[in-house]
Amino acid sequence: MKAINIGMLGAGTVGTGVAKILFENKEIIRQRVGVELNLRRVADIDIERDRGVPFEDGVLTTDAQSVVADPEIDIVLEMIGGDTIAKELILQALENGKPVVTANKALLAVHGTTIFKAAARNGVDLAFEASVGGCMPIIKTLRESLVGNRIKSMAGILNGTCNYIFTKITEQGIAFKDALSDAKEKGYAEADPTLDIEGIDTAHKLAILTSLAYGTEVNLNDIYIEGISSITPLDIEYAAQFGYKIKLLAISKDLGHSVEARVHPTMIPFKNPLSNVSGTLNAITVSGDAVGDIMLYGHGAGMMPTASAVIGDTVDIARNLICGSAGRIPLLSYQEDEIRNIPVLSIDEIETQYYFRLFVLDRPKVLSMISGVLGDHLISIKSVHQKGRKIDGSVPIVMMTHTAKESNVKKAVSEIDQLDVVSDKTVLIRIEDENEEE
Ligand code: HSE
């Protein structure tokens, strides 16, 4: 083999980064692989724009089908994203016997089974490191490095846009919508930023990681998803006063006969290293029975960090092609016939600690009424604080609970919100603080 020919579908932000690395680091990649990786065809709807990449004549085309059908192409890189034409093109490439690299989390989270089966049936590799956490090698870590471990849990900040918004509000007091516009301008947000804000992008990534960690197919609809739009600067400030930061966390736990998989704003203590992950950075902690806790940290989005992960995958596949091997690493880490359907625990069944923020009338017995409702639902209060001055005749009360069951908490909050002395809907934020409990 003298060279390996790459066909790329999509030359947007990540695709352009991939092309740049293939040109700028051509020689160092050749030294590591043994042959050149040659960017032979690139398909995009816009082939006129100057991307600052020296494509040779005839490389750019608007005909994506011709790239996946081209017998000269050894590896296809799908950098289109979304769930429109990308799925068909990936499937066609796989059916044509071409290994595929994709960064398409939305597609894998929803149609992963179809795509994985097509790769296995055709005996070709499919790699998707860039689909989760940009440059962080979390897929390789789960599928290869930690393969000897029973994974106990994972907790990750997997959406740079949400993390950027929280950081801007916390550090600079910038309004939510201004922080979001900023993230959009910087190119981190999805084309439809509700995917970021409502936690769906994080859930796509969590579905992929949960499958890999526990050898289960995860239905996206089984993941509890709550976005960040209900979090106010007031709660961010109160959280800080109690020694916590609020982050949009993806949480996954192995409970034996079921798994937890949930995405929601979460209060984590300052001593948790995830609390120091700021701006658009991503991070994930993985807890394994042998390894203990490990953490990966890096740029979860952006042109060059994401392209770095794509090139890593491309080189893995190129090395396999050189050795005449494919399918050496099972796509979901477990052998295909070992993949199970482990139930995802309903959010109502989870047990964790909670932060409540209420607005109540400043009158005698108000606290006893609220604590009475909590007691009726077996919720034990860890601390209560009346914060600050009256706002529109009401005072803010912040409560932290010991570990309680979510269904009980929801019932209690619904009863509390109906009390005459409560003047606004209670804000509820889950806390992950294992070391602080009982
Ligand atoms: N919109 C995503 C983010 C891009 O903000 O993290 C990377 O998946």
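## With respect to the packing of helix H13 (residues 366–376) against helix H14 (residues 406–417)
Here is step 1 of the chain: In contact at an axis separation of 9 Å, H13 and H14 are set at 150° when each is read in the N-to-C sense. Here H13 is positioned roughly antiparallel relative to H14, judged by the angle of their axes. In this structure, H13 meets H14 at a crossing whose hand is right-handed. Side by side, H13 and H14 meet where Ile370, Val373 and Leu374 of the first sit next to Ala412, Glu415 and Ile416 of the second.
Here is step 2 of the chain: Considered class by class, the residues forming the contact of H13 with H14 number five nonpolar, no polar and one charged.

## Things to note about the state of the cysteines
Here is step 1 of the chain: Inspection of the entire model under this criterion finds zero disulfides.
Here is step 2 of the chain: For Cys162, which is in no disulfide, the shortest distance to another cysteine sulfur is to Cys135 and amounts to 18 Å.

## Some points on the sheet that holds strand S3 (residues 60–61)
Here is step 1 of the chain: The parallel open sheet is built from six strands, whose spatial order is S3-S2-S1-S4-S5-S6. Lying at the two open borders of the sheet, with one neighbouring strand each, are S3 and strand S6 (126–127).
Here is step 2 of the chain: Pairing of strand S5 (residues 100–102) with S6, which is carried by two bridges, proceeds in the parallel orientation. Note on S6: the bridge partner recorded for Val101 is Ala127.
Here is step 3 of the chain: In the packing of helix H4 (residues 85–95) onto the sheet, contacts are made with strand S1 (3–9), strand S4 (75–78) and S5, and the angle to S5 comes to roughly 155°.

## Overview of the site of the ligand
Here is step 1 of the chain: Taken together, 13 residues are adjacent to the ligand, and Lys105, Gly160, Thr161, Glu190 and Asp196 come closest.
Here is step 2 of the chain: Between the ligand and Thr161 there is a distance of 2.6 Å, counted from an oxygen atom to a side-chain nitrogen or oxygen.
Here is step 3 of the chain: At 2.6 Å, a side-chain N or O of Glu190 approaches a nitrogen atom of the ligand.
Here is step 4 of the chain: Considered on its own, the ligand offers 260 Å² of accessible surface; in the complex 91% of this is hidden by protein.
Here is step 5 of the chain: More than half of the atoms belonging to the ligand lie within 2 Å of the grid points that define the largest pocket.
Here is step 6 of the chain: Its residues placed into classes, the shell around the ligand shows four nonpolar, four polar and five charged.

The rules behind these values
- Residues numbered from 1 in each chain as written.
- Predicted model: local features only at pLDDT ≥ 70, side-chain atom pairs only at ≥ 80, totals over all residues.
- Heavy atoms only, no water.
- Axes fitted to C-alpha atoms, helices over the stretch in contact; angles between N-to-C directions.
- Helix = DSSP H or I, 4+ residues; strand = E, 2+ residues; numbered from the N terminus.
- Parallel < 35°, antiparallel > 145°, perpendicular 65-115°, else oblique.
- Left-handed = near helix turned anticlockwise from the far one by under 90°.
- Contact = heavy atoms within 4.5 Å.
- Nonpolar A, V, L, I, M, F, W, Y, C, P; charged D, E, K, R; others polar.
- Disulfide = S-S within 2.5 Å.
- Pairing = 2+ DSSP bridges.
- Near = heavy atom within 4 Å.
- Polar contact = N/O pair within 3.5 Å; in protein donor to acceptor, adjacent residues only side chain to side chain.
- Areas by Shrake-Rupley, 256 points an atom, 1.4 Å probe, with all protein chains shown as cover.
- 1 Å grid on protein atoms, 1.4 Å probe; cavity = no way out; pocket = protein on both sides within 12 Å on 5 of 7 lines; lining within 4 Å.
- Sits in = over half its atoms within 2 Å of the grid points.

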